[in-house]
Structures are given as structure tokens and as C-alpha cells.
Amino acid sequence: MKKPRTAVRSRPRKQASRQEGREKRVLSSSQVKPPTPNGLARRQEEVVVQASVSPYHLFRGTAEVRAFRENLLRWYDREKRDLPWRRRAEGEVDLDRRAYAVWVSEVMLQQTQVATVIDYYTRWMQKWPTLQDLASASLEGVNQLWAGLGYYSRGRRLHEGARKVVEELGGHVPRTAETLQQLLPGVGRYTAGAIASIAFGQATGVVDGNVVRVLCRVRAIGADSSSALVSQHLWSLAQQLVDPARPGDLNQAAMELGATVCTPQHPRCSQCPVRSLCRAHQRVEREQLLASRSLPGSPDVEECAPGSGQCRLCAPPSEPWDPTLGVTNFPRKASRRPPREECSATCVLEQPRAVGGPRILLVQRPNSGLLAGLWEFPSVTTEPSGQRQRQALLQELQRWAGPLPATRLRHLGQVVHTFSHIKLTYEVYGLALEGETPVTTTPPGARWLTREEFHTAAVSTAMKKVFRVYEGRRPGACKGSKRSPVSTPSSRKKPSPGQQLLDSFFRPHIPRDAPSLNSTAQ
């Protein structure tokens, strides 16, 4: 049952003092269970980090922490979005069902926009409303529902986790962030903290991409946010800020603020509930006052003053403050390694006159690695072009379907699809078995599907792009529909400022433990 919300109001001095003491005890003691060695080590790291940085990047005592909490929660109660996973969690009395509802939403939201997740989440919970339902489902069924959502290892790990809870943990989800992370596959520090705080009320902070942005601006942290030092400091700040009375709401409020107000490119600082505590906003105001020369001397705004040398949480001297960026000077954009480039030849093999209507051949990928367990058109990794590419692809096709008329293999176009770590170019081929005897048997791992079955099968977005190229080039297709090459969203026209603002309301959160960052995440 959802915890009653505490009213935000002024308190007599003695009462406030007692409340501060209780908060200190909650933050310094273990919640629910004694801390694991891993959890204890993290707390020791946080103490060391806080002791080694300038007070400029910290919160000054419980009064400032309490002001941040109260302002943020008051705003969240008024402005939070009505989302299906929030409704389900708030209305669920059973702790395991509540944890399951949060778990599914947090996994789906990794690297994925809210607007996209809503439909998938609704269909998922309708099909598998409990952990027991999901545990009894097939992986094929899970992949089929997940198709199009991307980062397919998330669904597989969620399925594995449900089976472990049901088969090994007596149907009960672990109750603390530490045990959630230890016992459940695919559950890292962020996801464990979100489930523990929202479903079980554990006072533990969380850090996702939105929270990183909020905290870096509020405390003017200009160093690389992906570095170990900054990451530890951000987790320490998140733990300091979490409200013992409403931990789940505070964590969701911080993520909501980053998703809808403190956005990457177009922050709406005038609507921010914590702008009076924001060092980045204070820096902007100071720069504006200096530029206008409306006041003599320098305005009284606190700055970082490390004891000696360069502050390790400030931006390096090589990256000075850019007045045109305002608060978006924070956080510093981490340099990313470009994805490696690969080429694959793939073929849509069709039997137009098969019994029961035209059918196309799909084969299943291995159970590990990229797009594990999904179905695809027969493909081979090859050089970008040349006769050897056609020969290798033809051999792969014959492995699944037997002797084929090689002269009918036609090159149709190209599809470029970027995964998190690979830019994959598909050379798309087509081959129609017009006069041949229909193939009625296939080896294990292959099957012939109708077009309707293809669109509901567990296939990746890349394969759907490949099929669109084939459909656009086959005889009888609309002449005006040039579908080759098909590229990823990164090559499309830049959205208008109005569309960017609308998109900010559906911005995904990016947790530090997202499995999508691993090599098998797609």
C-alpha cells in the first residue's frame, strides 16, 4: 500500500531538530537488512569522496537537503505525468506484484522513450500480469512481444529473473537494493535502487541519465560524468537527498525533473522547483549581471575554491565556461567511441506459390550474442561488395533451403542500422522461387512464414527495414516508393524546436547499469 505523504509545512525549532536527527540516523544506518560487504564498501567510498572535494559541490547541511526535498516533492505532486506503471504500483497492495510492476517498467525504460514504452508495458502486463505468468511463458513469446522495442537482452534477462524468483526464491522478490542486485540477472545498481525505493520504501538513492544531468547542474559538476570519481560523488549526493519518508517519490521526482524540465538542450529553468539551489543557474545569473554592468563590482556568488590545485569535479581548464550555453555547460559531454562498422549480406527468400499463400524464409539467431534468439532472413557477414559476397550468401541460402537458381539472386538495395556499438550495413538481396516445387520441409532453426506471421514474429527492427526494401522493389510495387537505402534515425531530418520540446516530455532515463551498454544488449 502506498505510504501516506507527509505534509510540507514549517515546524517548530525543536521538532525540526528532532526530524533532522531522525534523518541522519536513517541515512547512516542500514535499512531493512544489514548491509552487504559490497554495500559497506560503497558507503566507505562515498565518505572518502565527500571528504576529498570542495564544499562547493556538496549540500550544506540538512537544511539545504530538506529544502531540496520539499521543493522537488511539492512540484512532483503537482506536475508528475500520469503513467501506467505509476498507477499500477500505487494501487497495488501485494508487495511482490508491486515490485514486478516497477521492475518491468524500469527495464523497458532503459535507453527507450516513455512514449514508446507505454504501449509495450500495457500489452506486457495484460499478457503476463504476475511474475508467475511471466515465468511460465516461453522465451519465444517474450521475444515476440518485445520485438521493435530494441536492446533485446533486456526482455531475456527479465524472463530469466522471473523464473529465478518463482523457482528459487519462493515467488518473493528480494526486498533490498543489495539483494536485488546480487540475486537477479540483469539487475544493476540503478534498477535495484529503483525497485527497492518505489516498491518497498527503502531509503536508497538512484542515478540515471536524468539524475546525472540534474545533480551536475545543481552542484556545478563539470568533470566527466562517466568517470569513476564523478559517478561515486553523484551516487553519494543521491543517497544524501533521498527522503526517508518518500524515497520512491523523491527518486521519481528527480528523474521527472530531468526528463521534463532540466532537459539536455532546452532546459526550462523558470519552471524548475530547485533553481534557487542550482549552482549552474547562479553562475548564469552572475554572468548576465557582469555582462550588463548593471552593478558595480562582482556579484556575491559562491564559487569553487579548492585547497590546492585543480578541483577534480570542475571542468578542466581546457574547457572554459561558454556563456552561450548557460546551464547546459553541465554536465560535460563524455567522448564516445564511434561504433565499429560491419557489413552483412541478407536475402529475402520467398515462395510465391506455396500452399496457403506466399511464404518467406526466416532462420533463428544463436542463443547468445547480438539479437540472441531472434529470427532473421538468412545472412552472412561479408566484405562490403564483390562476387564473393553473392557466393557466400548463396551457400548460406542453400544450407537452409537446398539447391536454388543462383541467376535469380538480385541485389535490391542497402539498409544501415546502428546498434549501441555496431554500425551494420545490410546488403539486401531477393530471390523468388517462381516455378520450383514448393519447399515443405526445413531443418531445425528455420521456418517459412506468411507476411502476416512475419509482422508478429520475434524479428528485429533491422529485419523489418530489410523487408520494406524487398517489398518496395518486387514486381508490382509502387513506382514512387524508393526505399533504398534505409537509414537509422540519426540520419533523418533534425526536428523543429517545437518538436524537440515535445520530445523532452517523453525523454528516456539512462541508468548506469543498463544492460543495453553491453555487447549483447541488442
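Going by what an unreviewed UniProt entry lists, the protein chain is known as Adenine DNA glycosylase and is assigned to Ursus maritimus. Looking at the Catalytic activity (unreviewed entry) heading of the UniProt record, one finds this comment for the protein chain: "Hydrolyzes free adenine bases from 7,8-dihydro-8-oxoguanine:adenine mismatched double-stranded DNA, leaving an apurinic site." Listed under Sequence similarities (unreviewed entry) in UniProt, the entry text for the protein chain is "Belongs to the Nth/MutY family."

1. Quick look at the packing of aromatic side chains
Per the stated rule, a full pass over the model turns up nine aromatic pairs. Their ring planes at 45° and their centres at 4.7 Å tell us that F454 and F467 sit as a pair that is tilted. Residue F454 is located in helix α17 (residues 451–456), and its partner F467 is located in helix α18 (residues 461–473); the two are separated by 13 residues in the primary sequence. Accessibility assignment for this pair places F454 and F467 in one class, buried. What links up through ring pairs into an aromatic cluster is the set F377, F454, F467 and Y470. Over the aromatic face of W235 sits the side chain of R189, whose NZ or CZ is 4.0 Å from the ring centroid.

2. Focus on the nonpolar core
Core analysis: the biggest nonpolar cluster contains 117 residues, and L72, W103, M108, W124, L257, F377 and Y426 have the highest contact counts within it. With sequence-adjacent residues up to four places away left out, L72 is seen in contact with L250, A253, A254, L257, P273 and V274. Ranked by size, the runner-up nonpolar core spans 18 residues in total, among them C347, V380, L394 and W448.

3. Here we look at helix α12 (residues 209–218)
α12 sits mainly inside the fold: nine of its ten residues count as buried. Where α12 is buried, its residues touch α3 (61–79), α13 (228–241), α14 (247–260) and α15 (279–292). If you check the start of α12, you find a side-chain oxygen 3.1 Å away from the backbone N of N210, and it comes from D208. A220 sits one or two positions beyond α12 and adopts a positive phi of about 50°.

4. Observations regarding the environment of R286
Residue placement: R286 occurs in helix α15. Owing to a relative accessible area of 10%, R286 belongs among the buried residues under this scheme. In terms of polar contacts, R286 uses its side chain to reach the side chain of E287, at 3.2 Å.

5. Focus: the state of the cysteines
Inspection of every chain in the model, using the stated rule, returns zero disulfides. Take C269: it sits in no disulfide, and the sulfur closest to it among the cysteines is that of C278, at 6.6 Å. Summary of cysteine pairing: C278 is not part of a disulfide, and the nearest cysteine sulfur, belonging to C272, is at 6.4 Å.

6. Here we look at the pattern of salt bridges
Under the counting rule described, the total for this entry stands at 23 salt bridges. Its salt-bridge partner being R87, residue D82 comes within 2.9 Å of it at the nearest N-O pair. D82 gets classed as exposed once you look at its relative accessible area, which sits at 58%. One salt bridge connects R447 with E140, and the closest N-O pair in it is separated by 3.2 Å. Taken together, the residues span a long stretch of sequence, with R447 in strand β7 (residues 446–449) and E140 in helix α8 (residues 139–146) at a distance of 307 residues. The exposure class of R447 is partly exposed, given its relative accessible area of 26%. Three or more residues are tied together by salt bridges with common partners; here these are R60, E64 and R219.

The rules behind each value
Residues numbered from 1 in each chain as written. Predicted model: local features only at pLDDT ≥ 70, side-chain atom pairs only at ≥ 80, totals over all residues. Heavy atoms only, no water. UniProt positions renumbered as here; feature names shortened; annotations may be inferred. Phe/Tyr/Trp six-rings, centres within 6.5 Å; stacked < 30°, edge-to-face > 60°. Helix = DSSP H or I, 4+ residues; strand = E, 2+ residues; numbered from the N terminus. Buried < 20%, exposed > 50% of the residue type's maximum accessible area, 1.4 Å probe, protein only. Lys NZ or Arg CZ within 6 Å of the ring centre and 35° of its normal. Core = buried A, V, L, I, M, F, W, Y, C linked by side-chain atoms within 4.5 Å. Contact = heavy atoms within 4.5 Å. Polar contact = N/O pair within 3.5 Å; in protein donor to acceptor, adjacent residues only side chain to side chain. Disulfide = S-S within 2.5 Å. Salt bridge = Lys/Arg side-chain N within 4 Å of Asp/Glu carboxyl O.

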